[in-house]
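Here are the chains, one letter per residue:
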Amino acid sequence: MKHLLLFFFVLLNISATAQINYYEVTKTFNENGYIYQCKVDRAKMVTLYNKENEFVHVDQTNQTTGEQMHIDYKTNQLEDDHWTNAKLLSIVDKAIPDEERLLIKKNGGLLTILLNINSNTGKVADVVYNFVNFRAYATIPVSVYRQIEIEIKEKIWFVPNQEGKKWNYICLFYTINPQ
């Protein structure tokens, strides 16, 4: 009976430590050769990004006129493709550990990924994550988000169209719910 109780308490302890909330407050993560900024607003929304991001604090502007971009989701700035959504989801699914995936399925919540795309090359310049800090995405360590960022930058690219090439960068939002 003592062994059964001990086993039960060990399982509870493992479960509790696996559910650490890494993003309760605004802070900087200084990890293995990279630095991520975590900003938490009053609504408990987390914005997490690599401090080396190129466009995070830069207004989207027309490269010819200097005019600031007014959000207009009707204006497509990229050539149509049929593979980036599936590839992005695959990268996120592969990176998230099984225990966190179970928490996501159980507790819900969405992950929004913002991609800032270099309008000259079509390459992903920045990856920014948004999620609430009281759902399962807050239990995923910054190293996993870093892994996702690296893979996105290596494996996903876009083809800017004439409209997209007018701007200093192109901004895309994806809402992800891993399978």
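About the cut-offs
Residues numbered from 1 in each chain as written. Predicted model: local features only at pLDDT ≥ 70, side-chain atom pairs only at ≥ 80, totals over all residues. Heavy atoms only, no water. Helix = DSSP H or I, 4+ residues; strand = E, 2+ residues; numbered from the N terminus. Buried < 20%, exposed > 50% of the residue type's maximum accessible area, 1.4 Å probe, protein only. Contact = heavy atoms within 4.5 Å. Areas by Shrake-Rupley, 256 points an atom, 1.4 Å probe, with all protein chains shown as cover. Axes fitted to C-alpha atoms, helices over the stretch in contact; angles between N-to-C directions. Parallel < 35°, antiparallel > 145°, perpendicular 65-115°, else oblique. Left-handed = near helix turned anticlockwise from the far one by under 90°. Nonpolar A, V, L, I, M, F, W, Y, C, P; charged D, E, K, R; others polar. Pairing = 2+ DSSP bridges. pLDDT = per-residue confidence, 0-100.

When helices and strands are tallied, the protein shows five helices and six strands. Here the protein holds 179 residues, and the buried ones make up 41% of them. Partitioning the intrachain contacts of the protein with sequence separation of at least 6 by distance along the chain shows that 71% fall at a separation of at least 24. For the protein, the accessible surface area stands at approximately 10800 Å², while carbon and sulfur atoms represent 54% of it.

What follows is about the packing of helix α2 (residues 84-95) against helix α4 (residues 142-155). At a closest axis distance of 9 Å, the pairing of α2 and α4 adopts a crossing angle of 150°. By the angle class used here, α2 and α4 are roughly antiparallel. The chirality of how α2 crosses α4 is right-handed. Listed contacts from α4 to K87, L88, I91, V92, K94 and A95 of α2 are V144, Q147, I148, E151, I152 and K155. In terms of residue class, the contact of α2 with α4 is made up of seven nonpolar, one polar and four charged.

Counting through the fold element by element, G66 comes out in the loop between β3 (45-50) and α2. Sequence separation between G66 and K166 is 100 residues; the distance between their C-alpha atoms is 10.0 Å.

This paragraph deals with the pairing of strand β2 (residues 35-40). Across four bridges, strand β1 (residues 27-30) lies against β2 in antiparallel orientation. When the sheet's bridge partners are listed, T28 is paired in β2 with Q37. As paired elements, β2 and β3 share five bridges and run antiparallel to each other. When the bridges of β3 are listed, Q37 appears paired with Y49. Linking β2 back to β3 in an antiparallel pair, the connection comprises four residues, with K44 at a positive phi of about 70°.

Moving on: the confidence of the model for the protein. This prediction gives the protein a mean pLDDT of 87; 86% of its residues lie at or above 70. Taken together, the stretch residues 1-17 has pLDDT below 50 and engages in zero contacts with residues farther than four places along the chain or on a different chain.

On to the pairing of strand β4 (residues 111-118). Burial within β4 is extensive, with seven of its eight residues counted as buried. Judged from the eight bridges that link them, β4 and strand β6 (residues 169-176) form a sheet pairing that is antiparallel. If you follow L114 over to β6, its bridge partner there is F173. Looking at chain direction, β4 and strand β5 (residues 124-132) are connected through six bridges and run antiparallel. Among the inter-strand pairings, N116 is bridged to a residue of β5, identified as D126. Between the antiparallel neighbours β4 and β5 lie five residues, among them G122 with a positive phi of about 80°.

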